[in-house]
Amino acid sequence: MPSEMIDIMTSLTALMHEETQRLRGQERALDLAQLAAAKARLVGRLEEMLARRNRHQPEWTDQMDDEARERLAGCLADLREASAANAAILERQIELSMEMMTAIANEARRLSGNRAYTYGARGDLAKMELATPISFNTEY
């Protein structure tokens, strides 16, 4: 019964390992789009399968034999390990991207001189940094 689920989890684990290795190798994120799409499809398929089984056969895990239960548990452990490594490297990539975009925005703001000054109610002068539009590959 769980063999299809194990196959999906095994494929998902392999995809996560591949994506993690490629990200460690500094591969461009655009080149990883197909892996991300495949990962999303497998996760969706697994979620759908689990939801259907839990709805129609809530006791399906109790009906598994010991060998199938051990295979499923091993597969889940491998998937958990691959997911943790993949999540850590993806989180770091996102942090780096945010740092880079912040640096670009700060430099664009500095170069454009997009500053304004306004007087407050007590006569004090307040400096405002206006947002500078930034385009990336001709898209805002």
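This one's a predicted model, so the numbers in the text were calculated from it and none came from an experiment.

## Description of the side chain of E19
- Its place among the elements puts E19 in helix α1 (residues 3-24).
- Assessed through its relative accessible area of 5%, E19 is described here as buried.
- Excluding residues within four positions of it along the chain, E19 makes contact with L35, A36, K39, N86 and L90.

## Observations concerning the packing of α1 against helix α2 (residues 33-56)
- Across the interface, α1 lies against α2 with an axial gap of 10 Å and an inter-helix angle of 155 degrees. By the criterion of interaxial angle, the relationship of α1 to α2 is roughly antiparallel. α1 and α2 meet at a crossing whose hand is left-handed. Where α1 approaches α2, its residues E4, M5, I8, M9, S11, L12, L15, M16, E18, E19 and R22 are matched on the opposing element by L35, A36, A38, K39, L42, V43, R45, L46, M49, L50 and R53.
- For the contact of α1 with α2, the per-class residue count stands at 14 nonpolar, one polar and seven charged.

## Remarks on the pattern of salt bridges
- Tallied over the full model, the rule gives seven salt bridges.
- Note that R45 is salt-bridged to E4, the shortest N-O span being 2.5 Å. Of this pair, R45 sits in helix α2 while E4 is found in helix α1, placing the two residues 41 residues apart along the sequence.
- Between E99 and R92 there is a salt bridge, and its shortest N-O distance comes to 3.8 Å.
- Each of E4, R45, E48 and R52 takes part in a single network of salt bridges with overlapping partners.

Scoring rules and cut-offs
Residues numbered from 1 in each chain as written. Predicted model: local features only at pLDDT ≥ 70, side-chain atom pairs only at ≥ 80, totals over all residues. Heavy atoms only, no water. Helix = DSSP H or I, 4+ residues; strand = E, 2+ residues; numbered from the N terminus. Buried < 20%, exposed > 50% of the residue type's maximum accessible area, 1.4 Å probe, protein only. Contact = heavy atoms within 4.5 Å. Axes fitted to C-alpha atoms, helices over the stretch in contact; angles between N-to-C directions. Parallel < 35°, antiparallel > 145°, perpendicular 65-115°, else oblique. Left-handed = near helix turned anticlockwise from the far one by under 90°. Nonpolar A, V, L, I, M, F, W, Y, C, P; charged D, E, K, R; others polar. Salt bridge = Lys/Arg side-chain N within 4 Å of Asp/Glu carboxyl O.

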